[in-house]
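Chain by chain, the residues run as shown.
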There are 2 protein chains.
Amino acid sequence: MRIGMRIGELAARAGTTTRTLRYYESRGLLPARRTDNGYRAYDEADLKLLRQIRTLQDFGFDLEETRPFVDCLRAGHPEGDSCPASLAVYRRKLDELDALIGELQSVRAKVGEQLTRAERARDELAAEATVPGGPEPACEWGGRTR
Amino acid sequence: MRIGMRIGELAARAGTTTRTLRYYESRGLLPARRTDNGYRAYDEADLKLLRQIRTLQDFGFDLEETRPFVDCLRAGHPEGDSCPASLAVYRRKLDELDALIGELQSVRAKVGEQLTRAERARDELAAEATVPGGPEPACEWGGRTR
DNA sequence: CCTTGCCTTGACGCCGACGTCAAGGACTAC
DNA sequence: GTAGTCCTTGACGTCGGCGTCAAGGCAAGG
């Protein structure tokens, strides 16, 4: 059974980089013990913390939002979301997601409308151009006309 | 009838800042003529270009994506989206939006699941704690463990 | 003349989550 | 001893779209 590991192994096991771990430590999110020679030392519990952070990051949580989950785990709770503060973050994130999705759907609808309108305008111009005796186009299309 | 305006007025009329206009110019998106004293000079056509840019920016297009629309207008076309390149940007943006919305909805579902699961776990712990002779909680709530 | 309010260029700051490089120490293998 | 691979800290770069000075020029009103 493994007793401890250094930063490279932890990073590899969590699918991230040593730079990321040092960054988390600099943010006070994942402090490390040190061996005699000054190397960072981690254990399985740290891996669990790290995986919790990474999972939430993958969901789009920013680092500060993962802190309650990490604190919760370190307090001895079985899961990072076993604490009210974590649940509050979940709820806030759900609200944010709903708001964002709504905005994006609104934008999507508007852009879709614009595309439809622009295509129709293009087709109408093309039709006029082919109608005998039709009006000349307002401007040239991508170079020369006709 | 207005013949021209300086940067402050154009910015105000488009609801943006002089800094933004200089930035657009530095990106080659909205070059300005100059008066004798070196001041930037704009006209109504520039306002139209600027409004096109701002509208797309509000939709979440990045600056480079607005370039085809601006070029289209400057080429003399009635609308910024009267050119194939603009339509291509619309379509690409629609695809991006659909992909992003899909991802966000997926994340939303997962976070929602997590919240539900965590709340259920919490309620079960609470129930066990009140049941006479029930098992002790895995850890203390909001205090220290061990 | 002086103030006020525009304008000019230049340059650094910001945000988040790291990437990347530099210089050097530690440990293992041969 | 020396090559190789890990580790350390420190510091600057990235990306987009500007914000925010700083130092100074130009025009108009009192």
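Scoring rules and cut-offs
Residues numbered from 1 in each chain as written. Chains lettered and ligands numbered in written order. Predicted model: local features only at pLDDT ≥ 70, side-chain atom pairs only at ≥ 80, totals over all residues. Heavy atoms only, no water. Near = heavy atom within 4 Å. Polar contact = N/O pair within 3.5 Å; in protein donor to acceptor, adjacent residues only side chain to side chain. Disulfide = S-S within 2.5 Å. Helix = DSSP H or I, 4+ residues; strand = E, 2+ residues; numbered from the N terminus. Least-squares fit on C-alpha atoms with pLDDT ≥ 70 in both. Contact = heavy atoms within 4.5 Å. Nonpolar A, V, L, I, M, F, W, Y, C, P; charged D, E, K, R; others polar. Buried area = accessible area lost by both parts, 1.4 Å probe. Salt bridge = Lys/Arg side-chain N within 4 Å of Asp/Glu carboxyl O. Expected span 1.5 Å × (residues − 1). Buried < 20%, exposed > 50% of the residue type's maximum accessible area, 1.4 Å probe, protein only.

Participant: Explain the protein's contact with DNA strand C to me, please; I cannot follow it from the model alone.
Facilitator: Taken together, the neighbourhood of DNA strand C is formed by 20 residues, with Gln57 and Asp62 of chain A together with Gly8, Arg22 and Arg40 of chain B sitting nearest. A share of 66% of the atoms of DNA strand C within 4 Å of the protein falls on sugar and phosphate groups. The backbone of Leu63 of chain A places a nitrogen or oxygen atom 3.2 Å from a phosphate oxygen of DNA strand C. Here a phosphate oxygen of DNA strand C and a side-chain polar atom of Arg22 of chain B are 2.8 Å apart.

Participant: What should I look at first to understand the state of the cysteines in this one?
Facilitator: Disulfide: a covalent bond connecting the sulfur atoms of a pair of cysteines. Residue and element names in this part refer to chain A. Under the counting rule described, the total for this entry stands at two disulfides over all chains. One disulfide bridge connects Cys72 with Cys83, the sulfur atoms lying 2.1 Å from each other. Handedness of the Cys72-Cys83 disulfide follows from its S-S torsion of about 85 degrees: it is right-handed. Here Cys72 is found in helix α4 (residues 63–74), whereas its partner Cys83 is found in the loop between α4 and α5 (84–130), with 11 residues between them in sequence.

Participant: Whenever I open this one, the relation of the copies chain A and chain B confuses me. Can you help?
Facilitator: In summary, the two copies of the chain are related to each other by a rotation about an axis coupled with a shift along it. When chain A is fitted to chain B, the residual RMSD is 0.1 Å, and the transformation amounts to a turn of 180 degrees plus an axial shift of 0.0 Å. The transformation relating the two chain copies, once decomposed into turn and shift, fits a two-fold axis. Taking the C-alpha atom as reference, chain A places Ile101 of chain A closest to the rotation axis, 3.1 Å from it. Most of the interface of chain A is mirrored in chain B: 97% of its interface residues are interface residues there too.

Participant: What's the story with the side chain of Arg40 of chain A in this structure? I'm lost.
Facilitator: All names here are of chain A. In this structure, Arg40 sits in strand β2 (residues 40–41). Looking at Arg40, its side chain comes within polar contact range of the side chain of Glu25, at 2.4 Å. In this view, Arg40 contacts Met5, Arg6, Ile7, Arg22, Glu25, Ala32, Arg33 and Arg34; residues no more than four positions away in its chain are not counted.

Participant: Explanation requested: the protein's contact with DNA strand D in the structure shown.
Facilitator: In the region of DNA strand D, 19 residues are neighbours, and Gly8, Arg22 and Arg40 of chain A together with Thr20 and Gln57 of chain B sit closest. Take the atoms of DNA strand D that sit within 4 Å of the protein: sugar and phosphate atoms are 65% of them. A distance of 2.8 Å separates a phosphate oxygen of DNA strand D from a polar side-chain atom of Arg22 of chain A. Elements supplying a minimum of two residues to the surface near DNA strand D: α1 (7–14) and α2 (18–26) of chain A together with α2 (18–26) and α3 (44–58) of chain B. It is α2 of chain B that contributes the most residues to the surface near DNA strand D, four residues altogether. Residue classes in the surface near DNA strand D are distributed as six nonpolar, five polar and eight charged.

Participant: Would you explain the interface of chain A and chain B in this entry?
Facilitator: Many analyses report the size of an interface as the accessible area lost when the parts associate. Listed as interface residues are 34 residues of chain A and, on the opposing side, 35 residues of chain B. Of the roughly 3300 Å² buried where chain A meets chain B, counting both sides, 74% is carbon and sulfur surface. Of all residues in chain A, the largest losses of buried area upon contact with chain B belong to Phe59, Arg108 and Val111 of chain A, amounting jointly to 17% of the total for that side. On inspection of chain A and its partner chain B, the count reaches six salt bridges. One can count six residue pairs in polar contact (both at pLDDT 80 or more) joining chain A with chain B. For the side of chain A that touches chain B, a count of residues per class yields 19 nonpolar, six polar and nine charged.

Participant: What am I meant to see in α3 of chain B here?
Facilitator: Residue and element names in this part refer to chain B. Helix length check: α3 (15 residues) gives 21 Å between terminal C-alpha atoms against 21 Å at 1.5 Å per residue, within 8%. Taken residue by residue, α3 has Asp46, Leu47, Leu49, Leu50, Gln52, Ile53 and Leu56 as its buried positions. For α3, the capping residue at the N-terminal end is Asp43, with a side-chain oxygen 3.1 Å from the backbone nitrogen of Ala45. Just downstream of α3 lies Gly60, where phi reads positive at about 95 degrees.

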